[in-house]
Every structure is written in structure tokens, then in C-alpha cells.
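Structural features, examined
Letter by letter, the chains look like this.
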Amino acid sequence: MRQNKNNVINLNVAKRKTTRQINKQIVMSLIKEHQNLSRADLARLLEMRRSAVSLIVNELLEEGLIFESEMGGEGQRGRKPTFLQIDSRRRCVVAVDIRKTQTFLVATDLTGKHLTAVSYFPTLLEPEKFVVQLVNKIETLLAKELREYSCDGVGVIVPGMVDRTLHRVIHAPTLGWRNVALREMLMKQSGLQIEVENSGKACVLAEISANRQLAVQEDVVFISISDGVGCGVVTSGEVLRGRHNIAGEFGHVPLSIDGPPCSCGSNGCWETYISNIATIKRYFGHNCSFNEQKNFTVTDLIALARTGDVKALTAIEATARYLGLGLASVINAVDPARVVLGGELTGAWDLIETTVRTALSERTLTNDAAAISIEVVPSGDNPRLRGAVALVTAPAFAAAMVA
Ligand SMILES: [Zn+2]
């Protein structure tokens, strides 16, 4: 498990270009990370005067983002110290991960802790029908399990390009959606606050929020392998969007110009070699029916490979090689400090890392680049749902520029 270091240097860099908003975000992040902090602790960590810290804390208390409680200090004489905590009481976020085959949802508190089990249902590919279906599921979840809670918002991630200004899904190839006003439709149907974002971009946003990269801007790429391939790139502290919201779509960069047809209409995109659907197809052979694949997951395939099933292992190994080859293009293009990989395939990382690394080193432009740090997020951590939660909660915690 990756540890968040209490990095005072990071905080000081932030302080130099401090606005009140950034200071509030820093305080929120510190309270979230340490759980219980007193005002004195905060003043020490931030190297600020108590009075300045109190001003920030009072504003956060007024906004209902944190609360004070008397804990510890039992039996001590004099005034008991009060501790600050994120106010997650009776407030929840619903996270939604839309994929071609299934849509996953979970409710969490404001710190991302799951309040319900992750549930899923088959995705209806017609946007209007899908919206009714999803709102139904969200309403049932809130009514059944979270009646005492108020919902701060619903974070929805989609496997496609999203215009965050117009709040539209511009193009989601695997779903066959173009120009879908998903946020507007969902808000109208549910009356809830909705945030919609591309899956890769949401994942990378959650990643930098979790690692509290408040001011030191380490370039990072998140690759999320599911039914498709989502990528999110952060450079100089900002999520890369580009002029038309398609920047960082490495899943649709071809590995081979005459490769298999891709949902985007092109051929040989990286996604057609490494997505879960591609890996399962490779195992079954290209003639198997969609339904046959639907009930069989990459996790099942990995389990088979571990029992010594050569065909399963070969299918996974092939994906691993293509993963490394495509990853080299990502690294040659962006040259990030680290790459984070998410998706069911990471469950086989011990089996495939050598193959991925070998393929990577064949194509990266320097040896140093080939030795890049690759972090794997266990699929049990639900990185995509974490990304969806961050859409609602990150603006309070992260630096403004990445929200
Ligand atoms: Zn494509």
C-alpha cells in the first residue's frame, strides 16, 4: 500500500502562492489524512500562526465541511483538546462507473469510504433508457440503505471523451454515444448534483488527490484497462484535456495500422489489443459470441492461468506484451515520473510484469525511461469508482488547478 508522506516541503511550496482557497484545501487534506488533528497540530504542520489557522478552520466549520469533537485527553487536567474531523456524518456521494457491458455503483462517505456494497447492472446502450435505469438504481440505493443521509452529488465516469464545460459526452466509442447531454439528463431525472468525466481523467484526478500532490507537480499517467482503455495524463499539476477534450486518448493510438477494427471506427488501436474484451476474445478465439464472453471475466481468466491453463496464460501474456509496447509510446510521448495501472488485469501483475517490462524496454527511447516507476492499483481498490467519488469530493481537497 502506498503511503502518504507528511511532506512539509510540498506544503511550503503551496504556501508561497497561497490563496485562502488553497489553504482551505490544504487544511482539508491534512485533516483527511491524519483523521484527528488539533488546531495546534495544524499550525505546526503548516508553520503558520494559531490565529491564521483558526481563521481557516472557522470558515470550514461554518461551511459544514469539518466538525470539532472532544476526543482523547481523558483524565487530563484543564481544557480538553478538540480534534478536527471531516464532517462525513449523514452525507454521502454516489459513484458510478459506466462500462459497455456493466455499470457499477457504490455510495461512499466524503472520504471515499464505502457505505454500501458495490453493485452492478447490465448497461443499456440507449442513452435515454440508460438514464432512467441508472436514476432508478441510485434512488433505490439512497432510499433503501441511506435514508438518513443527504447526497452531496453523483460522480459518473464514462468510457469516452467528455466536454467538461458543456457537460456533454462528446464521443464514447464502446457505448456508441455521440453528443449525449448525460449530466443534464441525469440531473433532470434525479434532481441530484451530477458530475460527468472521462474514466481515465477521473482516475488520474483521484490519484493526485490521494497522494496530495498539492503543489509539487509530478507528471503522472493513469491507464485504466477495462472493457476499453482509459488514460488520464497530469502534467505540471493539470489534467491534460487539449483543445477538443481528446488529449491523452492513448487507447486509440494504433499499435498497428491494419490491426483489428476498433469501436472508434479506426483499426489496430492499442485498446483492441489490451482491453478486457480483447484479452477474453483472444482466449476464446474471435468467433465466440458476445454473450459467451460476457459471463467470463479477466479475473476468471487469471484464475485459470494460475491453475496452469496454458491457453489462458498465453492469452494474458499476449496482452502483457501489447501493454508494454503501447506503454512505451505513452512514455515516449509524455515522459511522466510514474505510470499507474488499474483494471482487473493487474491481478496478474506477478505473472506479466517481466513481459510488460521487456516489451517496454524494446521501444522506449532511453534506458532510464524504460526503468520508469509502474504502480499497480489492486482492482479490489476500485480505482474507477474512486475516480468517480473524486469528481464530487476533490474540489474540496485538491489544488484548484486540478479540479
Ligand atoms: Zn480506436
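Notes on the structure follow. Residue numbering note: each chain is counted from 1, following its sequence as written. Per-residue local features of the predicted model are confined to residues with pLDDT of at least 70, and side-chain atom pairs are confined, for both listing and counting, to 80 or more; whole-chain, interface and lining totals are unaffected and use all residues. Excluding hydrogens and water, the side-chain figures rest on all heavy atoms present in the structure.

1. Digging into helix H13 (residues 349–363)
Residues three or four positions apart in an α-helix share a direction because the helix packs 3.6 residues into each turn. Put simply, the test is: Note on conventions: DSSP H or I runs of at least 4 residues are helices, E runs of at least 2 residues are strands, and numbering of each starts at the N terminus. Multiplying 1.5 Å by the residue count of a helix minus one yields the expected span of that helix. Whether a residue is buried, partly exposed or exposed follows from its accessible area with a 1.4 Å probe, protein chains only, as a fraction of its type maximum: under 20%, in between, or over 50%, in that order. This arc is taken over the directions from the axis of the helix to the C-beta atoms. The criterion used for residue contact is that any of the two residues' heavy atoms lie within 4.5 Å.
Counted at 1.5 Å a residue, the expected span for H13 with its 15 residues is 21 Å, and the 20 Å between its end C-alpha atoms agrees. Looking only at H13, the buried set comprises Trp349, Ile352, Thr355, Val356, Ala359 and Leu360. Projection of H13 onto a plane perpendicular to its axis shows the buried side chains occupying an angular sector of 140 degrees, all on one side. H13 presents Asp350 and Thr354 as exposed residues on the side facing more than 90 degrees away from its buried surface. As for H13, its buried residues are in contact with helix H12 (310–334), strand E14 (338–343), helix H14 (367–370) and strand E15 (373–376).

2. Details of the packing of helix H2 (residues 20–34) against helix H4 (residues 50–62)
Keep this limit in mind: To define axes, lines are fitted to C-alpha atoms, for helices over the stretch in contact only, and angles between the resulting N-to-C directions are given on a 0 to 180 degree scale. These descriptions rest on fixed angle ranges, namely under 35 degrees for roughly parallel, over 145 for roughly antiparallel, 65 to 115 for roughly perpendicular, and the rest for oblique. Charged residues are taken to be Asp, Glu, Lys and Arg, nonpolar residues to be Ala, Val, Leu, Ile, Met, Phe, Trp, Tyr, Cys and Pro, and polar residues to be all remaining types, Gly included.
The N-to-C vectors of H2 and H4 enclose an angle of 80 degrees; their axes lie 10 Å apart at closest approach. Considered as vectors, H2 and H4 are oriented roughly perpendicular to each other. Of H4, the residues touching H2 (which contributes Arg20, Asn23, Lys24, Val27 and Met28) are Ile56, Glu59 and Leu60. Taken together, the residues of the contact of H2 with H4 sort by class into four nonpolar, one polar and three charged.

3. Some thoughts on the packing of helix H9 (residues 276–284) against helix H11 (residues 298–306)
Which entries qualify depends on this criterion: By convention, the crossing between two helices is left-handed when the near helix turns anticlockwise from the far helix through less than a right angle, and right-handed when the turn is clockwise.
Contact pair H9 / H11: the axes reach a minimum separation of 10 Å and the direction vectors enclose 45 degrees. Of the possible angle classes, the one that applies to H9 and H11 is oblique. By crossing handedness, the relation of H9 to H11 is classed as left-handed. Within the contact between the two elements, H9 uses Asn276, Thr279, Ile280 and Tyr283 and H11 uses Val298, Leu301 and Leu304.

4. What about the sheet that holds E14?
Here is the rule: Whether two strands pair depends on DSSP finding at least two bridges between them.
One open sheet holds the five strands; their spatial order is E13-E12-E11-E14-E15, and the pairing between them is mixed. Looking at strand neighbours, the two that pair on one side only are strand E13 (238–239) and E15, the edges of this open sheet. Bridge count between strand E11 (residues 220–225) and E14: six bridges; the pairing is parallel. Bridged to Ile225 within E14 is Gly343.

5. Some thoughts on the pattern of salt bridges
Under the convention used in this document: Here, a salt bridge means any Lys or Arg side-chain nitrogen found within 4 Å of an Asp or Glu carboxyl oxygen.
Tallying each qualifying case throughout the model produces 19 salt bridges. Between Arg99 and Glu344 there is a salt bridge, and its shortest N-O distance comes to 3.3 Å. Highlighted residues: Arg99 in the loop between strand E3 (91–98) and strand E4 (102–108) and Glu344 in the loop between E14 and H13, separated in sequence by 245 residues. One exposure class covers both Arg99 and Glu344, and it is buried. The partner of Asp350 in a salt bridge is Arg306, and the shortest N-O contact between them spans 2.7 Å. With a gap of 44 residues between them, Asp350 in helix H13 and Arg306 in helix H11 connect regions that are remote in the sequence. Residue classification places Asp350 among the exposed residues on the basis of a relative accessible area of 55%. What you see here is one network of salt bridges that share partners, running through Glu207, Glu218, Arg338, Glu375 and Arg386.

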